[in-house]
Structures are given as C-alpha cells and as structure tokens.
Protein chains: 2
Amino acid sequence: MLAEERRSRLLEIVRNHQFASLPQLVEQLGVSESTIRRDLEQLDEQGITRRIHGGVLFVGAEPKVPHFETREPSQWHLKKAIAQNAAALVDDGDTILLDGGSTTYEVARLLVGRALHVVTNSLPVANLFASDPNSDLVFIGGNICPRTGVARGPYADQMLSQVRVRKTILSTAAVCEEGFFNNNLLLIETERAMMRAGKEVIVVVDSSKFGNQSLGHVCSLGTVDHVVVDSLLSDEWRFKLTAVGVNLRIAEVDEPALAMQI
Amino acid sequence: MLAEERRSRLLEIVRNHQFASLPQLVEQLGVSESTIRRDLEQLDEQGITRRIHGGVLFVGAEPKVPHFETREPSQWHLKKAIAQNAAALVDDGDTILLDGGSTTYEVARLLVGRALHVVTNSLPVANLFASDPNSDLVFIGGNICPRTGVARGPYADQMLSQVRVRKTILSTAAVCEEGFFNNNLLLIETERAMMRAGKEVIVVVDSSKFGNQSLGHVCSLGTVDHVVVDSLLSDEWRFKLTAVGVNLRIAEVDEPALAMQI
DNA sequence: TCATGATATTGAAAGATTATGGAAGAATTC
DNA sequence: GAATTCTTCCATAATCTTTCAATATCATGA
C-alpha cells in the first residue's frame, strides 16, 4: 500500500471515530508504529488532527457535500474491483443504462471515453459523460433526490418506458432470499422501469449487502441476468444465485480486508 | 509505439485506476522507468495528475462539464447585472423553469438557497440546485448537448409538455424585429415547449445581442412577458419592445465598462 | 533523393532523498 | 514503581533526481 493511500485511510478512520489509539491504527493499517507516528505528525501539522498521549483526536471540519469522488466510501476497494469486472461486460457501441449509486458510479468512470450510448438518471454519472465526445448521453429526467442526485418519480418512469437499451446496470442496497431491495421507495418503481428498459440486466453489488433486507422489494433474485460481486461472497450465496439462473461474475479482491472495518 | 500514443495510453490507465504505480506502468507500456517519469512530469505540469511517492494519482478536472464559472464569458458584467435584476422577479415559493445559457446560469446562482421549485434542462444549473435543501429540483431529461450540457430533443419536449410553471426564464442568442433567435436548431422546439409550460415568460439577454439574427427563429417579440436587459440598450430598441407590450426591465451598468473588454 | 547537422527522445547509472521498521532510552500515566 | 507511550536515532530498502551517452526524428539545403 502506498503512503498516500495509507494516510488517507488513516484520516478516514480517525474522522469516523473522532479518536483512534495507536495500537488500533497499527493493526488496521498493517504498518509499524513508527510509520503511524510519522503520519500523525503530518496530520497534526496540517491541523486536521490533534495528538494526545495514547492516540489522536479528529478536529477537522466535516467535508461538505458528499461527492463520490472525495468521500472514501465503505467497501471502496470492493466496489472498485466489481466495477472493473462489470465494465468488461460492456462492448463498444453498446447502449447502456446506468443507475445511481456509488458502485455504478465507479463503473461509469471506467466507461468514460468509450464509444457508447449512455442513458442515466444520475446527475453525477451524467456529469462524467456530459463532455465526453466519444459517447452520447441521454438523461432521464424527473425529481432529483437532493442527497444522491438521482432522478426518480413519475416523469422518470414515463421516460424510461420509452427507451430501450442493450444493458441496464443497477446497484442495490440489500440482497436476501426474496430478492433485491432498495432503501428509497420512490426509486423502486424507477428501478423496475430501468429493468424493463434493458435487454440484459446487470446488478453490481458488494458482498456486504448480502443477507440484509431493506425498505422496499425491487425484484426477485432470478429476474436479473448478471450479478457482479466481489470474491468475499460466501459459497452459500454463490450457489443460491446460480441456482436461480443468474450469471454470477466474481471480482477477485485480495485478503479479507473485512477486519479493517472496526 | 509513438510517444503520443504511449502518453494517451498512460493517461487512460491512470484515469481508469485513479492511481498507478511506476513499476506497473513500466510493465504495461513496455518502456523504461525514465520515460514513464518524464511522461508523468508532463501530465503533472498540465495538472491532470498528481505525482506522489511511488506512483501517480489522477486528479483530472472531472466536471469537465462546461462550467460557466471557469470560462470567462464575454459581457460578463452585463450578464451579472441582468441576472440580479431577473432574480428579483422570482418570489419565494415560485415554480420556475430555467433554460441553459450563461445568463440564466448567473440567475440560477443567485437563486440557490431560496425556497423554490426549480425545473431545468441544463446540467450545470441542475448541479447548482442538486444539493440545495431549500429547493426541490426537477430535471427535464433528453439528449444532452456535449458542449453546453443542455437537454433537448423529443424526450425533453414531451416532458416539458407535461409540466406547468409559474415563470420560465430563457436566454436567447439574438434579437431582431422578427423576434428571438437561437443558434441551435434542436433547442428551438425545446425552448418553445418551455415557453408553453410557463405562465410568465422572462427573457434575459444582454444588449449586444440586439439587431442580430441567428440560425433559427424561436418566437416573435410580443410573445414574451418580460425582457431583462442591460442599460446599454438603445432607446430605439427600448421603444420597439414596449410597443409590442413587453414589460422591459433595465439593469443598470456602468457605461465605460465596454472599454474593459480588451 | 540523399546527406547532414540540429533537436528530441530514450535508457541506464550514480548519487540524493524519502519511507520504513526496529531499538534504546526518556517521559508520561496510573 | 511498573507499564505504557513518546522521542530519537540508525540501518535498510525503495524511490526520486540528475546526468550522460545512444538513438531516433526532423528540417534543411545540395
């Protein structure tokens, strides 16, 4: 791991907990105490944290608008690997529909510059493609959710009913035996419309989402064509998905980085 | 492989991964470390990437969306004054429809934070309001113009036919006796739809646009309710506009400001 | 078309800089 | 006073900068 990456992860940890002890950081970042000390020294000089005997306090200001690029989402390395795998499913010249969400955003980033017809209801995704001369972009209008920048609601549903795409790439908040779930009720109908608009439906989701439920049921497991997930997914779930006819794609990730999460 | 090709591939790699280590790049591009270093130096100078110990980070201005703030529009001081005047026409609680264009963008900036229902087909404008908790935002979907980030085309027209707003704020490329003109043919029908959607139509335009023609005719002079323009407008034009029943609003600007334009 | 010198690009190596882990002793907490 | 934590120092390895020679590319005029 690079020094910069480590430092940003360190800061992330300290920010999330407001405090961290040295041994704790040593364990989570897997480097020596000396290195942690030096990193903390830097952060201290920048006034972001304050050293105290036995650990470090976070004193910096919260970052403002949570833009996917700046915030270090949980399971970021998983999403990254999944996105890479999912992007390989897209061919040049394809017409694709991209949902909102941080994982699909990662997919979108990898697709910028490719010759594609892109349809999306996500403002951040649209911003990525807006000035890309290689692709053309159709934005699905509708009510914009302030938190996520995603369009949903009746306008979106109606417009989606009129488009047809080769591949729909969706993310989801939770997966359990009953199927895929989302935590935004307004989005559910919109996501269903997106699935109807796509010839192939690709769901990108990291392993931590499995076994959970969420607010609203979107669809059953077997109704999607591909599921792209990281290699930390249990064998049990791998079996369940393939049993219902889903084409399962596993993105290899190194080490059970789960222990990183406190 | 040509140097240029190598550099573009390098940038591609770095952009896709957000980060790349030197040995990794050496292997993938098949040139020496020295060469990679020199290439990275160039990218670094251009501000596209950031060198860190052990590799390189991609920082490329992601929102390459035509961000009006960065480019220095001509007649900026005029647009500024006009925007101020036009923003005063908007009341709290209004439902407004905002067109694309640099003048309307200035209006939008002044309206951020107000309690409004905002409808727009402009990506830059939508970005302004997306995270504003005081307003709610409806985006008019459609084909996004790569240069301006504005949605137009049949999807946009159809969606516009279903919305009704209190005030429509439009900009225009040219004004002559025959009426208002625009330089983008696809936008014309969309702008007409926007006018139909609004109870009141407000046109924001600076004095330099008067007397010119442009590609496509949008509507005649008398069909709009308000025209907001800077005080450099000739008396002749002031008369023409008021004669057809337009409510003319003059934004005061300093005369000698013209000389400012180098 | 060909030769020729100027300029730019490339790869390799040497030396400087930085990152890291470990250890010894001082300072602190309890 | 004992345990923990901190500071300081050093050795090692990785990475960076500088430099130089070899090669490639280009523009120019014969």
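For clarity, every value in this text was computed on a predicted model and none was experimentally measured. (Residues numbered from 1 in each chain as written. Chains lettered and ligands numbered in written order. Predicted model: local features only at pLDDT ≥ 70, side-chain atom pairs only at ≥ 80, totals over all residues. Heavy atoms only, no water.)

### Side note on the interface of chain A and chain B
Argument step 1. Each partner contributes to the interface: chain A provides 29 residues, whereas chain B provides 31 residues.
Argument step 2. With both sides pooled, the region where chain A packs onto chain B buries about 2800 Å², and carbon together with sulfur makes up 58% of that total.
Argument step 3. A per-residue breakdown of the area chain A buries against chain B is headed by L2, N127 and Y155 of chain A, which together make up 18% of the total.
Argument step 4. For the interface between chain A and chain B, the tally reads one salt bridge.
Argument step 5. One salt bridge in this structure joins E4 of chain A and R50 of chain B, with 3.7 Å as the shortest N-O distance.
Argument step 6. Our count for the contact surface shared by chain A and chain B stands at seven residue pairs in polar contact (both at pLDDT 80 or more).
Argument step 7. Of all elements in the fold, only α4 (76-87), α5 (102-111), α6 (123-130), β6 (136-139), β7 (142-144) and α7 (154-160) of chain A reach the threshold of two or more residues within the side of chain A that touches chain B.
Argument step 8. Top element by residues in the side of chain A that touches chain B is α6 of chain A. It accounts for five residues.
Argument step 9. Here β6 of chain A pairs with strand β7 (residues 142-144) of chain B via three bridges, running antiparallel. (Contact = heavy atoms within 4.5 Å. Buried area = accessible area lost by both parts, 1.4 Å probe. Salt bridge = Lys/Arg side-chain N within 4 Å of Asp/Glu carboxyl O. Polar contact = N/O pair within 3.5 Å; in protein donor to acceptor, adjacent residues only side chain to side chain. Helix = DSSP H or I, 4+ residues; strand = E, 2+ residues; numbered from the N terminus. Pairing = 2+ DSSP bridges.)

### Thoughts on the domain arrangement of chain A
Argument step 1. Structurally, chain A comprises domain 1 (3-58) and domain 2 (76-260).
Argument step 2. Centre-to-centre separation of domain 1 of chain A and domain 2 of chain A, based on C-alpha positions: 34 Å. (Domains from an automatic or database assignment.)

### Regarding the protein's contact with DNA strand C
Argument step 1. As a structural note, the neighbourhood of DNA strand C is formed by 16 residues, with R6 and T35 of chain A together with R6, T35 and R38 of chain B the closest of them.
Argument step 2. For DNA strand C, a phosphate oxygen lies 2.7 Å from a polar atom in the side chain of R6 of chain A.
Argument step 3. Where the surface near DNA strand C is concerned, the elements lending two or more residues are α1 (3-17) and α3 (33-45) of chain A together with α1 (3-17) and α3 (33-45) of chain B. (Near = heavy atom within 4 Å.)

### Focus: helix α4 (residues 76-87) of chain B
Residues and elements named next belong to chain B.
Argument step 1. The terminal C-alpha atoms of α4, which comprises 12 residues, lie 16 Å apart, in line with the 16 Å expected from a rise of 1.5 Å per residue.
Argument step 2. Turning to α4, its buried residues number three or more, namely L78, K79, A81, I82, A83, N85, A86 and A87.
Argument step 3. Here the buried face of α4 lies against α5 (102-111), β12 (198-204), β14 (226-230) and β15 (247-251). (Expected span 1.5 Å × (residues − 1). Buried < 20%, exposed > 50% of the residue type's maximum accessible area, 1.4 Å probe, protein only.)

### Re the environment of T120 of chain A
Residue and element names in this part refer to chain A.
Argument step 1. If you trace the backbone, T120 turns up in strand β5 (residues 117-120).
Argument step 2. Classification of T120 by relative accessible area gives buried; the value is 0%.
Argument step 3. Those residues in contact with T120 that sit more than four places away from it in its chain are L98, D99, V125, A126, L137, V138, F139 and I140.

### As for the pairing of strand β12 (residues 198-204) of chain A
Residue and element names in this part refer to chain A.
Argument step 1. With five of seven residues buried, β12 lies mostly within the body of the structure.
Argument step 2. Where strand β9 (residues 165-171) and β12 come together, six bridges link them in parallel fashion. When the sheet's bridge partners are listed, K167 is paired in β12 with E200.
Argument step 3. Here three bridges tie β12 to strand β14 (residues 226-230), and the two strands are oriented parallel to one another. Bridge pairing in β14 places I202 opposite H226.

### Description of the side chain of H226 of chain B
Residue and element names in this part refer to chain B.
Argument step 1. In this fold, H226 is placed in strand β14.
Argument step 2. Looking at H226, the relative accessible area reads 10%, which means it is buried.
Argument step 3. With residues up to four places along the chain from it excluded, the contact list for H226 reads L89, E200, V201, I202, V203, V246, N247 and R249.

### Quick word on the protein's contact with DNA strand D
Argument step 1. By nearness alone, 14 residues border DNA strand D, and R37, R51 and G54 of chain A together with R51 and G54 of chain B come closest of all.
Argument step 2. When atoms of DNA strand D within 4 Å of the protein are sorted by moiety, sugar and phosphate together comprise 79%.
Argument step 3. With respect to DNA strand D, the side chain of R37 of chain A contributes an N or O atom lying 2.8 Å from a phosphate oxygen.
Argument step 4. At a separation of 2.7 Å, a phosphate oxygen of DNA strand D approaches a polar backbone atom of G54 of chain B.
Argument step 5. Listing elements by their share of the surface near DNA strand D, those giving two or more residues are β2 (49-52) of chain A together with β2 (49-52) of chain B.

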